[in-house]
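# Observations on the three-dimensional arrangement
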Number of protein chains: 2
Amino acid sequence: VAIPSIDGAARLYAILGDPIGHVRSVVGWNSYFARAGRNAVMLPLHVGAGDLAPVVEALRRMRNLDGFVLTMPHKQAVLALIDEALPMARRIGAVNTVRRTASGGFEGDMFDGIGFVEGLRALGHAVEGRRATQLGAGGAGRAIAFGLAEAGLGALRIGDADAARARALAADLRAAYPALAADAADDAADPGGFDLVVNATPVGMKDDDAPAFAVDRLRPAQVVCDVIPNPEITALLRAAQGAGCPIVTGKAMFDGQLRAARRFLGLPDG
Amino acid sequence: VAIPSIDGAARLYAILGDPIGHVRSVVGWNSYFARAGRNAVMLPLHVGAGDLAPVVEALRRMRNLDGFVLTMPHKQAVLALIDEALPMARRIGAVNTVRRTASGGFEGDMFDGIGFVEGLRALGHAVEGRRATQLGAGGAGRAIAFGLAEAGLGALRIGDADAARARALAADLRAAYPALAADAADDAADPGGFDLVVNATPVGMKDDDAPAFAVDRLRPAQVVCDVIPNPEITALLRAAQGAGCPIVTGKAMFDGQLRAARRFLGLPDG
């Protein structure tokens, strides 16, 4: 993929992360700008955690920069460095996309969970009133759980190797969404009886990882989701396919996040 | 011109200026990276004078940024913000190119004058021992005068609407290059008797600008140079062509600057 040559009038966007070299969305964004015919570029900025504050301060002062995206390890820390966080970002305590306001300030929102729900819906899977079980209450898990709650999920069971973290997430969800039956459980690896089965842990990134859930308990009507973008078909998703379950991959979630972030940045579909 | 899609592993370079939208070297740099097959991008950064310090501080912290270029109004102010300035930059009191040192710091040098001399030499014009008259003792004029002095010019007469500025430049040149006969003069617009005739003022940018020098005094052996990149053929250069003089355009100077800056940044020819 080639992008049009960048000239002095190009508008700038940036992705801040550490490490950055492997971040695949950089190509996705730049391909999008090329398709959309925009004189804009998404820059990969390799910025360590200790350097985030001065870099965000400098981004404010770059008058041709219209927004930026956060990846590991900056999603939480950036919250204190911007002028305004939208409600979902405040609830989750993390920001993944920041845009310039009319007054030149920065406001941020969090689309990791909303993007996950978009990915589900794009494949025809409803969320409203459904029952889900989720493994992983870290950054990705927290965003997904809030995204599902916002979308009208009926019940959510959360498991995490760190049981206190799972309990804290369940409590935060109940406080923000009183209609949601959210609880933490030690036996969350059993998918039996749930409409949605969500892996939000890193289990499955390595080739020899066993599925995060007890896959012998999967039944054909269950929708099985995995946040891992690479490999796209994890051991969990392969077993789910074998059991006749529809699957949602990390790539579908990622594409949904990109669409939501683009809308927030005022960029057209494409 | 298209450039290869920028991915997470791209190396970053930046041009800092205010304004930035019209800066034509951004395209030149990005076309060069594309031709050379490098996964690198030259970013236009729109940064005002008051914001230079925090932006340079942030550039230090961007671990995938290998260097940057300064244009108006930052060439002087950046000198106080980098760790080391090479001798030519210290003499001129300005920096146009900064590179990362082995220890992660920033060191800068000034290639505006050296690039001008490269442009002259690329067209077969020697500088050693020659006599030059120059109009303009501002940023560009100062850089060119030091570049000519470093290249072994024999004598330089300098004129400027601000006579004190012309005298100060002549004094600085004599201090740094005792072998150079440098002086300021009120009648510098008369090119009579000089080997090199250099316009380093903005006169000629506008279509209806009269030539900066008294062109009726030009004789065929004189080399006539203009720093103005656009229009490439100014009224001065058109008159010089009419008088049978070889000319050196702002573009030739600019190309020479680019080659010198690339070498400094460790980038291959191309």
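Residues numbered from 1 in each chain as written. Chains lettered and ligands numbered in written order. Predicted model: local features only at pLDDT ≥ 70, side-chain atom pairs only at ≥ 80, totals over all residues. Heavy atoms only, no water.

### As for the overall build of chain A
Within chain A one finds 8 helices and 13 strands. Here chain A has a C-alpha radius of gyration of 19 Å; the compact-globule value for 270 residues is 18 Å, and the two agree. Across its three principal directions, the C-alpha atoms of chain A cover 60 × 40 × 30 Å. Intrachain contacts of chain A at a sequence separation of at least 6 include 67% that bridge at least 24 residues. Charge centroids of chain A, computed over 28 positive and 29 negative side chains, lie 4 Å from each other. (Helix = DSSP H or I, 4+ residues; strand = E, 2+ residues; numbered from the N terminus. Rg over C-alpha atoms; globule rule 2.2 N^0.38 Å. Contact = heavy atoms within 4.5 Å. Lys, Arg positive; Asp, Glu negative; His and termini not counted. Charge placed at Lys NZ, Arg CZ, Asp CG, Glu CD.)

### Some words on the sheet that holds strand β9 (residues 155-159) of chain A
All names here are of chain A. Pairing in this open sheet of 6 strands is parallel, and the strands run β10-β9-β8-β11-β12-β13 from one edge to the other. This sheet does not close on itself; its edge strands, each paired only once, are β10 (181-184) and β13 (247-248). Taken together, the 5 bridges between strand β8 (residues 131-135) and β9 define a ladder with parallel strand orientation. Residue pairing across strands places Q134 opposite I158, the latter belonging to β9. Helix-sheet contacts for helix α4 (residues 112-122) involve β11 (196-199), β12 (223-226) and β13, and the interaxial angle to β12 is about 140°. (Pairing = 2+ DSSP bridges. Axes fitted to C-alpha atoms, helices over the stretch in contact; angles between N-to-C directions.)

### Observations concerning the confidence of the model for chain A
When pLDDT drops low, the exact placement of atoms in the prediction is not to be read closely. Here chain A averages 94 in pLDDT, while 99% of its residues score no lower than 70. For this predicted complex, the interface confidence comes out at an ipTM of 0.83, alongside a pTM of 0.87. (pLDDT = per-residue confidence, 0-100.)

### As for the sheet that holds strand β6 (residues 97-100) of chain A
Hydrogen bonds between backbone groups are what pair the strands of a sheet, and the pairing can be parallel or antiparallel. Residues and elements named next belong to chain A. With mixed pairing, 6 strands are arranged side by side in an open sheet as β3-β2-β4-β6-β7-β5. On the outer flanks of this sheet lie β3 (40-46) and β5 (84-85), each paired with one strand and no other. Both strand β4 (residues 65-70) and β6 contribute to a ladder of 3 bridges, which runs antiparallel. Within β6, the residue paired with F68 across the bridge is V98.

### Brief notes about the pattern of salt bridges
Inspection of every chain in the model, using the stated rule, returns 34 salt bridges over all chains. Between R61(B) and D51(A) there is a salt bridge whose closest N-O contact spans 2.8 Å. Within this pair, whereas R61(B) is found in helix α2 (residues 52-61), its partner D51(A) is found in the loop between β3 and α2 (52-61), the two belonging to separate chains. Under the relative-accessibility criterion, R61(B) is labelled partly exposed at 24%. Given the relative accessible area of 17%, D51(A) is considered buried. With a shortest N-O distance of 2.9 Å, D83(A) and R60(A) are connected by a salt bridge. Of the two residues, D83(A) sits in the loop between β4 and β5 while R60(A) sits in helix α2, which places them 23 residues apart along the sequence. What makes D83(A) partly exposed here is its relative accessible area of 47%. Each member of the salt-bridge network shares a partner with another, and the members are D51(A), E57(B), R60(B), R61(B) and D83(B). (Salt bridge = Lys/Arg side-chain N within 4 Å of Asp/Glu carboxyl O. Buried < 20%, exposed > 50% of the residue type's maximum accessible area, 1.4 Å probe, protein only.)

### A look at the relation of the copies chain A and chain B
One copy of the chain maps onto the other through a rotation about an axis followed by a shift along the same axis. Mapping chain A onto chain B calls for a rotation angle of 180° and an axial translation of 0.0 Å; the resulting RMSD is 0.1 Å. Within this description, the copies of the chain are treated as partners about a two-fold rotation axis. The fraction of interface residues of chain A whose copies in chain B are also interface residues reaches 100%, indicating that both copies meet through the same surface. (Least-squares fit on C-alpha atoms with pLDDT ≥ 70 in both.)

### Structural notes on the packing of aromatic side chains
Taken as a whole and judged by the stated rule, the model has 14 aromatic pairs over all chains. Ring centres 5.1 Å apart and planes at 80° place the aromatic pair F68(A) and F106(A) in the edge-to-face group. Taken as a pair, F68(A) in strand β4 and F106(A) in strand β7 (residues 106-109) lie far apart in primary sequence, 38 residues in all. Each member of the pair F68(A) and F106(A) is classed as buried. For the pair W29(B) and Y32(B), a centre-to-centre distance of 6.5 Å together with 85° between the ring planes defines the contact as edge-to-face. (Phe/Tyr/Trp six-rings, centres within 6.5 Å; stacked < 30°, edge-to-face > 60°.)

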